[in-house]
Amino acid sequence: MNRDALTECLECGLLQRNPALPPGGTAVCVRCGNVLHRDRPDSINRTLALTIAGIVLFVIANAFPFLAFEMRGQETQTTLMTGVMDLWRGGNVFIAAVVFFTSVLAPGLQLVLLLVVLVPLMLERVPPWLPRLFRWVRTLTPWGMMDVFMVGILVSVVKLSEMATMVPGAALFAFGALILVLAGAQSALDPDQVWSRVPLARGPSKPPCAGDGHLACDVCELVMSRESALWDGRHLRCPRCTDVLHARKPRSLQHTWALVMAAIAFYIPANLLPIMTVTSLGQSQSDTILSGVIFLFEHGMWPLAVIVFIASIFVPMLKLLILLSLLLSVQLGWRWSPRERTRLYRITEAIGRWSMVDIYVVTILVALVRLGNLASVQAEAGAVYFCAVVMLTMLAAMSFDPRLIWDGLERKHV
Ligand SMILES: [Zn+2]
Ligand SMILES: [Zn+2]
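Nothing here was measured: the structure is a model prediction, and the numbers come from that model. (Residues numbered from 1 in each chain as written. Chains lettered and ligands numbered in written order. Predicted model: local features only at pLDDT ≥ 70, side-chain atom pairs only at ≥ 80, totals over all residues. Heavy atoms only, no water.)

Moving on, we get to the coordination of the zinc ion (ligand 2). Note on the zinc ion (ligand 2): its protein donors are Cys217 (SG), Cys220 (SG), Cys238 (SG) and Cys241 (SG). The metal-donor distances range over 2.2 to 2.3 Å. Given four donor atoms and angles of 99 to 118° at the metal, the environment of the zinc ion (ligand 2) is assigned as tetrahedral. Along the chain, the residues that donate to the zinc ion (ligand 2) are spaced as C-x2-C-x17-C-x2-C. One end of the pair, cysteine 217, is in the loop between β8 (214-216) and β9 (223-225); the other, cysteine 241, is in the loop between β11 (236-237) and α8 (252-272), and 24 residues separate them in sequence. Classification of cysteine 217 as buried rests on a relative accessible area of 1%. Residue classification places cysteine 241 among the buried residues on the basis of a relative accessible area of 0%. (Donors = N, O, S within 2.8 Å, 3.2 Å for Na, K, Ca; no water. Tetrahedral: all angles 85-135°; square planar, octahedral: opposite > 155°, others 65-115°. Helix = DSSP H or I, 4+ residues; strand = E, 2+ residues; numbered from the N terminus. Buried < 20%, exposed > 50% of the residue type's maximum accessible area, 1.4 Å probe, protein only.)

Structural data, given as C-alpha cells:
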C-alpha cells in the first residue's frame, strides 16, 4: 500500500520520512518514541468482518437484560438502557446523558460509521462523504467505554451479592464478546489504508507569504505546503479529510488551564458528598467514593476495593497532577526531559476513562435495585460532580498539545 512519504509526529511535531514497513511492522518517532504507523495486513477486510460481528453483538447486548436481581421472591431485570432511563426519570439528566453517550451511543455509532466507510472501500469506491464520516470514527473512539462498563457490572454484582441473588442474562455474554470484537476491530484498523485511497480535493488556496512552512493534518496526517491547503475564506483546510488545519491545537494552554481548574473545583465535592444512597429493609445508608472503597475492603473484597480506589481516587488525582505539571513546564519553559513529559501525557490520555467505573456502578445499582422500601438505590450529588470531573479531565487531556513541550527546544529535522 502507499503511505505518505513524509509524516509529522503528532506528539512532538518532528517532521520525518515514513519508512517502508514489513508486514505487521511498526514505525516509531525517532525523537519521542510515539508510534507513528503500524502495518496491519488485510486491514479493510478484517476490520469490516469484525465490525459486522460487532453490530450483531451490539443489538443482542442492547435488546436483552444483562442482569437480574432477585430478593425475597421479587425480581428486577436491567438492560443497558434501563439504567439510563431510571437516572433520567430520577432527575439525574447529566449522568444519564454521559452514561448513554459513553456506553451506548458512541460505541454503536462508531460501529455503524465503520460499516458505512468500509463497505464502499471494499468495493473500490470513495464517495464524497467518506472522509467526513471516517473523521467521526476517530473522534468517537476515546468516548466508547464498554470495557469500563463491564468492570462496573463486576463491581455491582459483588456489591449486591450479600443482599440478593444475581442472575446473569443473555446480553451479558454478548456484551463480553462485543468488548473483545471492538478491541479487535480497533487493532485491525489501519487508518492509513483508508486515507491513502481518498483523492486530494482541489480548490482555492491562500497566496503564500514569506516564511510559510509546511502544515500537517492532525486527523489524516497529510503533510503539505501551505499553498496546497484549501482556503474556505476563514480557515485553511486539509485537501484530503477537509478538517481545519492548525500548526498547533488552537489556544491549547488556555483551554487546558480552564478545564483543569474546573476539574479541581469539582473534585472536592465529588469526594466529600455521597455518590449514592442504598435503602435496604427500611434502613438507608449514603456512601461517598471513599466509604464505598472501605465497604468493599471490610467485606473481604480487596481486589475490587483496589480497582475502585485506583480508578476513582488515584487516577483522577494523578491525572490532574500530571496535567498541572505539564502546563507549568510549558509556560515556564522548563527543559526537563521532554521525552518523559510526552510519556506522562500519553499516560493521562490512556487512563482517564477508567475513572468512569463508579458512575457505571451507580447506574447499574439504580436500575437493578428498585423494590421500593424493601431495597432501592438513589444517585446523589457527589456522583454528578464526579462524573463532571472525569469528563473535564478527559477534555483537558484532549485539548493539551504535547508538541508544545518540544517547541521550546531546538528543532532537528531528520
Ligand atoms: Zn515524536
Ligand atoms: Zn487531513
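Let us look at the domain arrangement of the chain. Domain boundaries in the chain define domain 1 (1-39) and domain 2 (43-193 + 249-407). Centre-to-centre, using C-alpha coordinates, domain 1 lies 30 Å away from domain 2. At the junction of the two partners, domain 1 supplies 16 residues and domain 2 supplies ten residues. In total, about 1100 Å² of surface goes out of reach between domain 1 and domain 2, with carbon and sulfur atoms giving 46% of it. Counting the contacts that link domain 1 with domain 2 gives two salt bridges. Measuring nitrogen to oxygen at the nearest pair gives 3.3 Å for the salt bridge that ties arginine 403 to glutamate 8. Summed over the shared surface of domain 1 and domain 2, the result is six residue pairs in polar contact (both at pLDDT 80 or more). Considered class by class, the residues forming the side of domain 1 that touches domain 2 number six nonpolar, four polar and six charged. (Domains from an automatic or database assignment. Contact = heavy atoms within 4.5 Å. Buried area = accessible area lost by both parts, 1.4 Å probe. Salt bridge = Lys/Arg side-chain N within 4 Å of Asp/Glu carboxyl O. Polar contact = N/O pair within 3.5 Å; in protein donor to acceptor, adjacent residues only side chain to side chain. Nonpolar A, V, L, I, M, F, W, Y, C, P; charged D, E, K, R; others polar.)

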